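Now for the letters of each chain:
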Amino acid sequence: MRRAAGVVLFSMVSGWAFAAPVVEEFTVVTGGNKVGHLTATRNGAAVAIDYDVKNNGRGPTIAETLTLDQRGLPTQWAISGATTFGSKVDERFALADGMATWTDSVGEGSASVSEPSLYIGQAASPWSLGLYAAALLKDADRSLPALPGGAVRVVPGDSLAVTDGKQSINVRVHAVSGLEYAPDYVLLDDRQALFAVISPGSVVVRKGFEGEQVRLRKLAADLSTKRLEQIQQLTAHRYGAPVRFRNVRIFDPREMALSAPVSVVIHGRHISSIQPIDSPVSPGEVLVEGEGGTLVAGLHEMHAHTGQEGALLNIAAGITTTRDMGTDNAVLDALVARIEAGTIGGPRVHRSGFIEGKSPFNSNNGILVNSEAETLAAVRWYAARGYGQVKLYNSMRPEWSAVAAKEAHRLGLRVAGHVPAFSNADAMVDAGYDELTHINQIVLGWVLSPEEDTRTLLRLTALKRLATLDLSAPRVQRTINHIAERKVAVEPTIAIHENLLLNRGGAVPSGAVDYIDHLPVGEQRGARQGWADMSAPGDAEAYAAAYARILDTLRQMRARGILLIPGTDLGGSFTFHRELELFAQLGYTPAEVLRLATWDMATYLGQDQSTGSIERGKLADFFLVPGDPTADLKAIKTIRAVVKDGAVYYPAEVYPHFGIKPFGTAPRVTLPDAP
């Protein structure tokens, strides 16, 4: 959920006839735990917002003041504070005499306004969703132009009764779309004041009604599922016949080269044959014209926090397998069941059992533990349910890590994770980690003192200390050698560090240059926000130098033979393509990058007998691109078709359902003549 909740404090019946300030309060709940608040105070046409969330040691702190007109549209809007990762917010909007002006992290903008329009707050609190929904309901077609661009729509849904244990009220669900990849689900009461904004993982709900959060999260999951089931029916092509991809070359990950032109035939979930290009077509086949393009086995995104809304977007990006690194266990179980049943589209998911210690800074995924015994019980719980590994997190007591690792290995599980606070990567290698997650978790051990607490944003902001670090220093080389000697893998999530250390407010991020113009307006605005606070003199330069040190560290690790694992922690899809580009910056050739993301990761997950390459008898998991991705890795950004478990998807059909302008056309498809 990109925005959590807010409140529109005006009555559709009585307008602005309030004699005294009105205060409405909301609670932010994630994973069943209270993680923040939102308070809105209205005095006549003026509204003041106080919004603060802290989950996993970080979160936004936002203050807003607005002046609303009789339609509930802002004529003045000031937003200040800090984003999730600490970048400063100072945003302004004004509307007067038909001219709208605004200043945000992109810079200054203006537009002539001849009809009611909605300004989309770049750093607005979740309160904005209530504002949008109520304003849209006043419009005849329930749609308004958006500023700086695009349009926003609302579709009312069902009503339901909710209770705080003392009283019941009626609320109605509204789907607000046009901002992000998926609609935001907003609940308004009979006065069209905000009651909640809901998602499967979290809700922001009117204070006193927190007891409804489980029910509301389920409602959000059901609404999302219904929408995605409809998209699946429209975009997943199961032809019920052999499908021949004609005139294609196959990327061979073992040889890291392309085959001669061939035809690849699938039947059901599997590849039935690979034939010479001039082989006769058998009766009843579906023909997909490859036009000399390349087939690549499905990609493996190795750091996902699997969400239902992003599942099909990963398929459209050629990602047919993900490794989930920590999601609400019950939510993930339900999602995996829907994907495996084929009711919604998504990659096959390899689950990591998330184990976190209880603390004021803990994450709220997976299982929270407060003792060694509880840690062992969590490992055993995951092992009994078929998880492939456990992931240990920031608030774990360091001394429990070795105990957890020993038990996990006894039960056949791999161990990965963060470095717990007040420890370092060397100690976790000794504790039995098979894989270290995020490069910052390793390099911080070279610049932090033992008492510094990485459960806070310090685990990100302290990276600027790397600017002056000598990578030949003994402590640096000792860690790298230790990782190499123990054959511990490293999953660096380079793209998230690029965003953190290089993104500047207003600038298009380097990693988004190839796709940002294709996105919905809300996604575009969010992408142009900086992450870290770089307001102090010299900070921007220090962060940039730190990023260069990180890349140099990873180059050294590659040279020492350390397995580097591609994953994003950013939702995959377009950002996974960027992750692979960044691996190429470490010195991997395009062919080596493709091998790493296909065959090598299938082997790492123990799935190379069924996935990772395009061969007769393997699962039909692959994608079609024009050109030669071994010569130019950017070819994977213009995918024309994806096959997963034998279902054929055409991204040009999928993307419009998410407000995304397609990147290319679907291939020509010829269906067999009717018998």
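Quick summary incoming for the structure in this document. Note that this is a predicted model, so its numbers are computed, not measured.

### Some details on the overall build of the protein
Helix and strand counts for the protein stand at 16 helices and 32 strands. Here the C-alpha atoms of the protein give a radius of gyration of 26 Å, agreeing with the 26 Å that 2.2 N^0.38 yields for 675 residues. Projected onto its principal axes, the C-alpha coordinates of the protein cover approximately 80 × 70 × 50 Å. Long-range pairs, those at least 24 residues apart, make up 63% of the contacts in the protein with a sequence separation of at least 6. Carbon and sulfur atoms provide 52% of the accessible area of the protein, an area that totals close to 25,200 Å². Taking the average location of the 65 positive side-chain charges in the protein and that of its 72 negative ones, the two points are 3 Å from each other.

### Considering the environment of Ala-384
One can find Ala-384 in helix α5 (residues 372-384). For the pair Ala-384 and Leu-411, spaced 27 residues apart in sequence, the C-alpha separation works out to 8.9 Å.

### Some remarks on the side chain of Arg-206
Tracing the chain through its elements places Arg-206 in strand β15 (residues 202-206). Taking relative accessible area as the criterion, Arg-206 reaches 15% and is therefore assigned buried. At 2.7 Å, the side chain of Arg-206 forms a polar contact with the backbone oxygen of Leu-194. If we skip the residues at most four places from it in the chain, Arg-206 touches Glu-24, Glu-25, Phe-26, Ile-169, Asp-189, Ala-193, Leu-194 and Phe-195.

### Overview of the packing of aromatic side chains
A full pass over the atoms with the stated rule returns 16 aromatic pairs. Judged by centre distance (6.2 Å) and plane angle (85°), the ring pair of Trp-77 and Trp-127 falls under edge-to-face. Taken as a pair, Trp-77 in strand β5 (residues 74-82) and Trp-127 in helix α1 (residues 127-137) lie far apart in primary sequence, 50 residues in all. There is no split in this pair, since Trp-77 and Trp-127 are both buried. Ring centres of Tyr-515 and Phe-574 lie 4.8 Å apart, and the angle between their planes is 25°; on these two criteria the pair is classed as stacked. Placement of Tyr-515 in the loop between α11 (494-502) and α12 (521-527) and of Phe-574 in helix α14 (residues 574-585) is noted, with a sequence separation of 59 residues between them. When sorted by exposure, Tyr-515 lands in the same class as Phe-574, which is buried. Taken together, the aromatic side chains of Trp-77, Phe-93, Trp-102, Tyr-119 and Trp-127 make up a single cluster linked through ring pairs. The lysine or arginine in question, Arg-351, covers the ring of Tyr-387, its NZ or CZ lying 4.4 Å from the ring centre. Against the face of Tyr-588 rests Arg-558, its NZ or CZ located 4.3 Å from the ring centre.

### Some remarks on the pairing of strand β30 (residues 641-644)
Where burial is concerned, the two faces of β30 agree: the one with Ala-641 and Val-643 and the one with Val-642 and Lys-644 are both buried. As judged from the three bridges shared by strand β29 (residues 622-625) and β30, these two strands associate in the antiparallel manner. Among the inter-strand pairings, Leu-624 is bridged to a residue of β30, identified as Ala-641. Summarising the sheet, β30 and strand β31 (residues 647-649) pair through three bridges and their orientation is antiparallel. From the neighbouring strand, Val-643 faces β31, where its bridge partner is Val-648.

### Regarding the nonpolar core
Among the nonpolar cores identified, the biggest contains 113 residues, and Ile-355, Leu-436, Ile-442, Trp-446, Ile-483, Met-557 and Leu-564 are the most heavily contacted of them. Looking at this core element by element, the count peaks at eight residues for helix α13 (residues 539-559). Phe-93, Ile-120, Leu-147 and Val-186 belong to the second-largest nonpolar core, a separate cluster that totals 47 residues.

### Some thoughts on the packing of α14 against helix α15 (residues 590-604)
Across the interface, α14 lies against α15 with an axial gap of 9 Å and an inter-helix angle of 130°. What the angle tells us is that α14 and α15 run oblique. Considering how the two elements wind past one another, α14 and α15 form a crossing that is right-handed. Of the residues in α15, those in contact with Phe-576, Leu-580, Phe-583 and Ala-584 of α14 are Val-593, Leu-596 and Ala-597.

### Some words on unusual backbone geometry
The linkage connecting Leu-147 with the following residue, Pro-148, adopts the cis geometry, with an omega of 10°. In the Ramachandran plot, Met-256 falls in the positive-phi region, its phi being about 55° despite a non-glycine side chain. Here Met-256 shows up in the loop between β16 (243-252) and β17 (257-258). In this structure Met-256 comes out as partly exposed when scored by relative accessible area, which is 31%.

### As for helix α3 (residues 308-316)
Most of α3 sits inside the fold, with seven of its nine residues counted as buried. Looking at the packing, one finds that the buried side of α3 touches α2 (213-235), β22 (319-324), α4 (329-341), β30, β31 and α16 (651-654). Remark: Gly-318 follows α3 within two positions and exhibits a positive phi of approximately 85°.

### Considering the environment of Pro-145
Following the sequence through the fold, Pro-145 ends up in strand β10 (residues 143-147). The exposure class of Pro-145 is partly exposed, given its relative accessible area of 25%. Residues Pro-145 and Phe-622, spaced 477 residues apart in sequence, show a C-alpha to C-alpha distance of 39 Å. Non-local contacts of Pro-145, meaning those with residues more than four positions away in its chain, are made with Glu-115, Pro-116, Ser-117, Leu-118, Gly-150 and Ala-151.

### Looking at the pattern of salt bridges
Under the definition given, this model contains 42 salt bridges. A salt bridge links Asp-189 to Arg-206; its shortest N-O distance comes to 3.1 Å. Linking Asp-189 in strand β13 (residues 184-189) with Arg-206 in strand β15, this pair joins segments that are 17 residues apart in sequence. The two residues Asp-189 and Arg-206 agree in class, both being buried. Put simply, Asp-600 and Arg-595 hold a salt bridge, and the shortest N to O gap is 3.0 Å. By sharing partners, the salt bridges in this structure join Glu-498, Asp-514, Arg-578, Glu-581, Lys-634 and Lys-637 into a single network.

### Considerations on the environment of Ala-597
Position of Ala-597 relative to the elements: it lies in helix α15. In this structure, the C-alpha to C-alpha distance between Ala-597 and Ala-161, residues 436 residues apart in sequence, is 48 Å. When residues no more than four places from it in sequence are discounted, the contact partners of Ala-597 are Gly-298, Leu-299, His-300, Pro-566, Phe-576 and Leu-580.

### Overview of helix α6 (residues 398-410)
Structural remark: α-helix, 3.6 residues per turn; residues separated by three or four positions point the same way. Taken together, the buried positions of α6 are Trp-400, Ser-401, Ala-404, Ala-405, Glu-407 and Ala-408. The inward-facing, buried residues of α6 abut β24 (367-369), α5, β25 (389-392), β26 (414-417) and α7 (425-431). Gly-412 lies just past α6 and shows a positive phi near 90°.

Definitions and limits used
- Residues numbered from 1 in each chain as written.
- Predicted model: local features only at pLDDT ≥ 70, side-chain atom pairs only at ≥ 80, totals over all residues.
- Heavy atoms only, no water.
- Helix = DSSP H or I, 4+ residues; strand = E, 2+ residues; numbered from the N terminus.
- Rg over C-alpha atoms; globule rule 2.2 N^0.38 Å.
- Contact = heavy atoms within 4.5 Å.
- Areas by Shrake-Rupley, 256 points an atom, 1.4 Å probe, with all protein chains shown as cover.
- Lys, Arg positive; Asp, Glu negative; His and termini not counted.
- Charge placed at Lys NZ, Arg CZ, Asp CG, Glu CD.
- Buried < 20%, exposed > 50% of the residue type's maximum accessible area, 1.4 Å probe, protein only.
- Polar contact = N/O pair within 3.5 Å; in protein donor to acceptor, adjacent residues only side chain to side chain.
- Phe/Tyr/Trp six-rings, centres within 6.5 Å; stacked < 30°, edge-to-face > 60°.
- Lys NZ or Arg CZ within 6 Å of the ring centre and 35° of its normal.
- Pairing = 2+ DSSP bridges.
- Core = buried A, V, L, I, M, F, W, Y, C linked by side-chain atoms within 4.5 Å.
- Axes fitted to C-alpha atoms, helices over the stretch in contact; angles between N-to-C directions.
- Parallel < 35°, antiparallel > 145°, perpendicular 65-115°, else oblique.
- Left-handed = near helix turned anticlockwise from the far one by under 90°.
- Salt bridge = Lys/Arg side-chain N within 4 Å of Asp/Glu carboxyl O.

Such coordinate-based values are descriptive only and should not be taken to indicate function.
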